[in-house]
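# Coordinates in review
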Amino acid sequence: MRVSEAIIQIQHLSKTFGGGEDAVHALEDISLEIQQGEIFGIIGLSGAGKSTLVRCMNLLERPTAGTVLVDGQDLTSLSEKELRLARRKITMIFQGFNLLMQRTCLKNVCFPMEIAGVPSAQAKKRAGELLELVGLGEKAAAYPAQLSGGQKQRVAIARALATEPKVLLCDEATSALDPTTTVSILGLLKELNHRLGVTVVVITHQMSVIEEICSRVAILDGGSVAEMGEVQEIFSNPTTDAARRLVYPGGVSAVQMPESARVVRISFNGGTAYDPLIASLAIDCGVKVNILGADTRNVGGKAVGTMLLGLPAHPSEAAKALSYIRAQKNITVEEVPDYHE
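Quick caveat: nothing in here was measured; it's all calculated off a predicted structure.

## With respect to the overall build of the chain
Summing up its helical and strand segments, the chain has 11 helices and 14 strands in all. For the chain, the proportion of its 341 residues judged to be buried stands at 49%. Expressed as a percentage of contacts within the chain between residues at least 6 apart in sequence, the contacts between residues at least 24 apart total 70%. Total accessible area on the chain is roughly 15900 Å²; 50% of this is exposed by carbon and sulfur atoms.

## Regarding the pattern of salt bridges
Inspection of the entire model under this criterion finds 10 salt bridges. Its salt-bridge partner being K166, residue D71 comes within 2.7 Å of it at the nearest N-O pair. Here the residue D71 occupies a position in the loop between β4 (65-70) and β5 (73-74), and K166 occupies one in the loop between α5 (149-160) and β7 (167-171), the gap between them amounting to 95 residues. The partly exposed category is assigned to K166, whose relative accessible area is 40%. One salt bridge connects R195 with E191, and the closest N-O pair in it is separated by 3.1 Å. Separated by four residues within a single helix, R195 and E191 lie in helix α6 (residues 179-196), roughly one turn from each other. What makes E191 partly exposed here is its relative accessible area of 36%.

## Details of the packing of helix α3 (residues 105-115) against α5
Each packed pair of helices is defined by two parameters, the angle between the axes and the distance between the axes. For the pair α3 and α5, the least separation of the axes is 8 Å and the interaxial angle reads 30 degrees. When the axes of α3 and α5 are compared, the pair comes out roughly parallel. Here the hand of the crossing between α3 and α5 comes out right-handed. For the pair α3 and α5, the contacting residues are C105, N108, V109 and P112 in the first and V155, A158 and R159 in the second. Along the lines of polarity and charge, the residues of the contact of α3 with α5 split into five nonpolar, one polar and one charged.

## Section: the side chain of N108
Secondary-structure assignment places N108 in helix α3. A polar atom in the side chain of N108 sits 2.8 Å from the backbone nitrogen of L100. In contact with N108, not counting residues within four places along its chain, are L99, L100, R103, P144, V155 and R159.

## Some thoughts on the environment of E211
Inspection of the secondary structure assignment puts E211 in helix α7 (residues 207-213). Measuring from C-alpha to C-alpha, the distance between E211 and Q232 comes to 8.3 Å, with 21 residues separating the pair along the chain.

## Section: the sheet that holds β4
Strands sit in the order β2-β1-β4-β5 across an open sheet of four strands; the sheet is antiparallel. Two strands in the sheet have a free side with no partner beyond their single neighbour: β2 (24-35) and β5. Where strand β1 (residues 6-17) and β4 come together, five bridges link them in antiparallel fashion. Looking across to β4, one finds that I10 is bridged to V68. Along the sheet, helix α1 (residues 50-57) makes contact with β1, β2 and β4, crossing β1 at roughly 120 degrees.

## Some thoughts on the packing of aromatic side chains
Inspection of every chain in the model, using the stated rule, returns zero aromatic pairs. For K15, the ring lying beneath its charged end belongs to F17, and the centroid distance is 5.0 Å.

Calculation notes
Residues numbered from 1 in each chain as written. Predicted model: local features only at pLDDT ≥ 70, side-chain atom pairs only at ≥ 80, totals over all residues. Heavy atoms only, no water. Helix = DSSP H or I, 4+ residues; strand = E, 2+ residues; numbered from the N terminus. Buried < 20%, exposed > 50% of the residue type's maximum accessible area, 1.4 Å probe, protein only. Contact = heavy atoms within 4.5 Å. Areas by Shrake-Rupley, 256 points an atom, 1.4 Å probe, with all protein chains shown as cover. Salt bridge = Lys/Arg side-chain N within 4 Å of Asp/Glu carboxyl O. Axes fitted to C-alpha atoms, helices over the stretch in contact; angles between N-to-C directions. Parallel < 35°, antiparallel > 145°, perpendicular 65-115°, else oblique. Left-handed = near helix turned anticlockwise from the far one by under 90°. Nonpolar A, V, L, I, M, F, W, Y, C, P; charged D, E, K, R; others polar. Polar contact = N/O pair within 3.5 Å; in protein donor to acceptor, adjacent residues only side chain to side chain. Pairing = 2+ DSSP bridges. Phe/Tyr/Trp six-rings, centres within 6.5 Å; stacked < 30°, edge-to-face > 60°. Lys NZ or Arg CZ within 6 Å of the ring centre and 35° of its normal.

Structure follows, in structure tokens:
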């Protein structure tokens, strides 16, 4: 679900821990906008500043400089009392679930409503509805210790929705879960985004999570935004080293090729997933190429990624192969002269 209105606007945000020679600059001059109703991803390697950034979004961490606007309200200008009220619009779920172990699932979901002064009967009714919404209506009387990891996260999501927020922040929310449970939680987040219109911000180090759920992504590197845009665009054609390290973590190399060979990199830019390019090249042109390395994936039914090819040694055969590849839709090609190290 996407509209053009920004729900979160971060402007020139920086965060420094400590001072003097021991100062740690966790975030430096971050500016980005997240649109109302979208699912936005923030990804980076360990230490990139992801969790610090998400905690600055609701001012659990106060920025050293810059502003954070949520639904048009500058959180950095609010008093502590005003900030507590504003945080009802921008709630959070965590990797460790953070449930109250001595409370039942129902009472865990009731907790933020109790703090907000919602009458008990109304809070219990709302909590029961939210547990039904996340598929755990039958677990209202159960305690967290009786639940699986995925069930705990569903309760945490229900609790985060109790104050009817406009934004749901997910800080590594699936990192502690197995792959099957991760898929189910991501499916739930997509469903809630669609049904409730809640904006979802996903903080993760897992590219598979971004692929599965996000429409746009910001890549953090060293506390700065290295690259930002549509997921499909960045995955098909990353332009920065930080993005390439994440999109192609294994890399692709042509060191096996002799010095005289021509090597090309082709990029799949969102055509139908896994069209048989190499087989078609051999059938249509009678030209055989060597696949030296590949890192491709299916994102929303579209093929993205890159492949390194060693062209035939004969110039006319190489030219024929290049001409054929360049004629294909949703594919770009460039020669790679510098892989012989």
